[in-house]
Amino acid sequence: MTLHSDVAELLAGAGIVDVDVDDAVADEHVRSSAYQHVVSVTASSRSRHRDRAIVATILRDPNEIASKTAVVALVDRIAMKVTGPAEFRVWSAELLPEIDQLKAEGYREFIRRRIHDWLFYLSVKDGHVPTPAALAEVTDWMQRVLAEESTSPAVLALLAESANTKKTRNIAKNRSGFSTG
């Protein structure tokens, strides 16, 4: 496969006709934008059967920053769509062999961490109250997302006491009605 054929296949598969394949191949910014459009179309589909192939194709791009960014966007969108942690665990497990193809360990690890964060988020959303040790295993970003979105008094109390950053602890305190003094 060549970059040209990969981009053409992704665009055609997503029904995107307003992006010139040659322009996308020649300009990584155009290509990155096209990937985001492909991700949007892919995530809005009810069917998940092509996701692994789409991720594999995107990750063949020599510009690993653009491909990682697109895959993270897909992970984020699917996490917000699934019915719970079990469904997301099965879906994300399908992607791991493709993610392992990335050359940069930092990018592989970033995507794995994002998947871990979303599994944590979805279990909390499902009613699980994490331990301080489990909370410490998620990123500061996910701790902040939970502080901003959780409606669980127990989760907000845990974040108010144990979140890594003062900003996140304060968000949780303010949302839970705890005194910040």
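A short tour of the structure in this document, coming up. Keep in mind the model is a prediction, meaning the values are calculated, not measured.

### As for the overall build of the protein chain
The helix and strand tally for the protein chain stands at eleven helices and zero strands. Principal-axis analysis of the C-alpha atoms gives the protein chain an extent of 60 × 30 × 30 Å. Here the protein chain holds 181 residues, and 44% of them are scored as buried. Contacts spanning at least 24 positions in sequence make up 57% of the contacts within the protein chain whose residues lie at least 6 apart. Of the accessible surface of the protein chain, which amounts to about 9400 Å², a share of 53% is contributed by carbon and sulfur atoms. Counting 22 positive and 25 negative side-chain charges, the protein chain places the centres of these two groups 7 Å from one another.

### Some thoughts on the nonpolar core
In this structure, Leu 11, Ile 58, Val 75, Phe 88 and Leu 159 are the most contacted members of the largest nonpolar core, which totals 53 residues. Leaving out residues up to four positions away in the same chain, Leu 159 has contacts with Leu 135, Gln 143, Leu 146, Ala 147, Arg 169 and Ala 172.

### With respect to the packing of helix 7 (residues 105-125) against helix 9 (residues 140-149)
Helix 9 packs onto helix 7 with a crossing angle of 25° between their chain directions and a minimal axis gap of 10 Å. Taken together, the axis directions place helix 7 and helix 9 in an arrangement best described as roughly parallel. Crossing angle aside, the handedness with which helix 7 passes helix 9 is right-handed. Here Arg 114, Asp 117, Trp 118, Phe 120, Tyr 121 and Val 124 of helix 7 lie close against helix 9, whose contacting residues are Trp 141, Met 142, Val 145, Leu 146 and Glu 149. Looking at side-chain class alone, the contact of helix 7 with helix 9 contains eight nonpolar, no polar and three charged residues.

Definitions and limits used
- Residues numbered from 1 in each chain as written.
- Predicted model: local features only at pLDDT ≥ 70, side-chain atom pairs only at ≥ 80, totals over all residues.
- Heavy atoms only, no water.
- Helix = DSSP H or I, 4+ residues; strand = E, 2+ residues; numbered from the N terminus.
- Buried < 20%, exposed > 50% of the residue type's maximum accessible area, 1.4 Å probe, protein only.
- Contact = heavy atoms within 4.5 Å.
- Areas by Shrake-Rupley, 256 points an atom, 1.4 Å probe, with all protein chains shown as cover.
- Lys, Arg positive; Asp, Glu negative; His and termini not counted.
- Charge placed at Lys NZ, Arg CZ, Asp CG, Glu CD.
- Core = buried A, V, L, I, M, F, W, Y, C linked by side-chain atoms within 4.5 Å.
- Axes fitted to C-alpha atoms, helices over the stretch in contact; angles between N-to-C directions.
- Parallel < 35°, antiparallel > 145°, perpendicular 65-115°, else oblique.
- Left-handed = near helix turned anticlockwise from the far one by under 90°.
- Nonpolar A, V, L, I, M, F, W, Y, C, P; charged D, E, K, R; others polar.

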